[in-house]
Amino acid sequence: MFDYLIVGAGYAGSVLAERLAKGLNKKVLIIDKRNHIAGNAYDHYNEDGILVHKYGPHIFHTNSKDVFDYLSKFTEWHNYQHKVLASIDGQMVPMPINLNTINSLYGLNLSSADVEDFFASKAEDVKQVLTSEDVVVSKVGRELYEKFFKGYTRKQWELDPSELDASVTARVPTRTNKDDRYFTDTYQAMPLHGYTRMFEKMLSHPNIKIMLNTSYQDIMDEISYKKLIFTGPVDEYFNYCYGKLPYRSIDFKFETLDNAPFQPTGTVNYPNDYAFTRITEFKYLTGQEHRKTSIVYEFPKAEGDPYYPIPKAENAVLYKKYQALADQLSNTHFVGRLATYKYYNMDQVVAQALSTFKKILNQENSIPASDEKNILKSKN
Ligand code: FAD
Ligand code: UDP
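Residues numbered from 1 in each chain as written. Chains lettered and ligands numbered in written order. Predicted model: local features only at pLDDT ≥ 70, side-chain atom pairs only at ≥ 80, totals over all residues. Heavy atoms only, no water.

A. Looking closely at the site of ligand 1. Near ligand 1 there are 33 residues, and of these D32, H58, I59, Y344 and M346 occur at the shortest range. Here an oxygen atom of ligand 1 sits 3.1 Å away from a polar atom, N or O, in the main chain of Y11. Contact distances for ligand 1 include 3.0 Å between a nitrogen atom and a backbone N or O atom of P57. The protein chains hide 96% of the 1000 Å² of surface that ligand 1 would expose on its own. Secondary-structure elements contributing two or more residues to the shell around ligand 1 are α1 (11–24), α9 (216–219) and α13 (346–365). Classifying every residue of the shell around ligand 1 by side-chain character gives 15 nonpolar, twelve polar and six charged. (Near = heavy atom within 4 Å. Polar contact = N/O pair within 3.5 Å; in protein donor to acceptor, adjacent residues only side chain to side chain. Areas by Shrake-Rupley, 256 points an atom, 1.4 Å probe, with all protein chains shown as cover. Helix = DSSP H or I, 4+ residues; strand = E, 2+ residues; numbered from the N terminus. Nonpolar A, V, L, I, M, F, W, Y, C, P; charged D, E, K, R; others polar.)

B. Looking closely at the packing of aromatic side chains. In total, this model carries 31 aromatic pairs according to the counting rule given. Here W157 and Y308 contribute two aromatic rings whose centre-to-centre distance is 5.5 Å and whose plane-to-plane angle is 80 degrees, an arrangement assigned as edge-to-face. Taken as a pair, W157 in helix α6 (residues 142–157) and Y308 in strand β16 (residues 308–309) lie far apart in primary sequence, 151 residues in all. What makes W157 buried here is its relative accessible area of 4%. By relative accessible area, which is 11% here, Y308 ends up buried. With 6.1 Å between their ring centres and 15 degrees between their planes, F254 and F282 make a pair best called stacked. (Phe/Tyr/Trp six-rings, centres within 6.5 Å; stacked < 30°, edge-to-face > 60°. Buried < 20%, exposed > 50% of the residue type's maximum accessible area, 1.4 Å probe, protein only.)

C. Geometry of the sheet that holds strand β5 (residues 61–62). The three strands are arranged β5-β9-β6 in an open sheet whose pairing can be described as antiparallel. At either end of the open sheet lies a strand with only one pairing partner, and these are β5 and β6 (77–79). Where β6 meets strand β9 (residues 187–191), three bridges bridge the pair, whose relative direction is antiparallel. Within β9, the position partnered with W77 by the bridge is P191. (Pairing = 2+ DSSP bridges.)

D. Structural detail: the site of ligand 2. Looking at ligand 2, there are 15 residues lining it, with T153, R171, Y182, Y308 and Y343 nearest. Y308 is positioned such that a nitrogen or oxygen atom in its side chain is 2.5 Å from an oxygen atom of ligand 2. For the shell around ligand 2, the leading source of residues is α6, giving six residues. When grouped by side-chain class, the residues that make up the shell around ligand 2 number ten nonpolar, three polar and two charged.

Structure follows, in structure tokens:
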């Protein structure tokens, strides 16, 4: 009998498998319906020997020392600060919007103080910032919103920014300096030998058994276990009893080209042209030296593997109903981006898994209810 069955070998499942096996000496079975570990962070060498990310570009960044220190037990790092350009009006300009973006786009020579005034003169007066449109127009005005955010968001989510929670476009800041990095987190690095190698190390413990090509539904009645950790879609676990939670999916189109580099930075965003949102060239991210280069185009779509929960009020209401069911199950933990319906980055999922482990630790250390009763009796 396994102490824990863990469904899903992405960050949520793998971190918990490692912690339970190493930290609590539990016997763990971790399964995944895919033919590999690492979930959406999975990377592999393609037929030309270039390291690519099967589920789109994954760039690691965090402000959490705990998360960085934890993952550092399983990998060395290659320092990498991600840079993104947006293709606007025939020019490639830095994204997030910064001082250089404005100067290039409008042929100006503004200072940081000037550009603050520039934004202030364009910003719309929004009483309450509620939507993804509000976030941007209240900071930089409608023209920049339409150039950089409106088209990209409509492609990515098939929704107008005015229909999405503020948190979506709030992921991308606006800057008045010349900092052209996509992220400003304290720790920004890529696993030196790739994500999959890091996961292999995490899961290499004698108490952990891995079964791939195995879906929960296939084995739930065949395997005995005491507790369950579920990291797949929460609505699927409850047989969609309240209806389907919406997710966005993506088609990834990979190409390997003879001539490198293909583009000037790791990622170029195309808010207003083409059906894809962005193109990423992996060698920038991984630092790999290779004569050829591999790129990926992202074509968002409604159907397919669930990749993105959709942050929108009515979806949060539906998720709350599933969460209420989940909360009633004391021996099942729901962890991760799909199981808690949160638009989380990798580091946030690691943090969530580590805090779930702490909860489990407290439960394990707490006195069982029967003993509690006996202690009370003996005291009286
Ligand atoms: P997942 O990685 O989705 O793992 C869940 C696993 O469960 C999957 O492998 C799935 O096959 C398995 N599973 C589901 N249901 C079942 C079932 N019934 N039976 C068996 N197995 C099942 N984050 C960043 O920090 N930086 C980035 O640059 C970044 N870029 C991203 C780009 C894209 C295109 C996407 C989609 C995500 C990106 N992310 C990024 C987010 C990152 O992928 C997630 O935060 C992280 O992978 C979530 O881990 P998880 O364990 O919750 O879920
Ligand atoms: N976004 C945009 N234009 C851009 C980049 C981002 O409109 O050039 C919006 C879009 O809605 C996107 C969101 O900001 O979905 C978050 O962007 P991020 O790069 O964090 O998306 P992810 O990497 O998670 O796909």
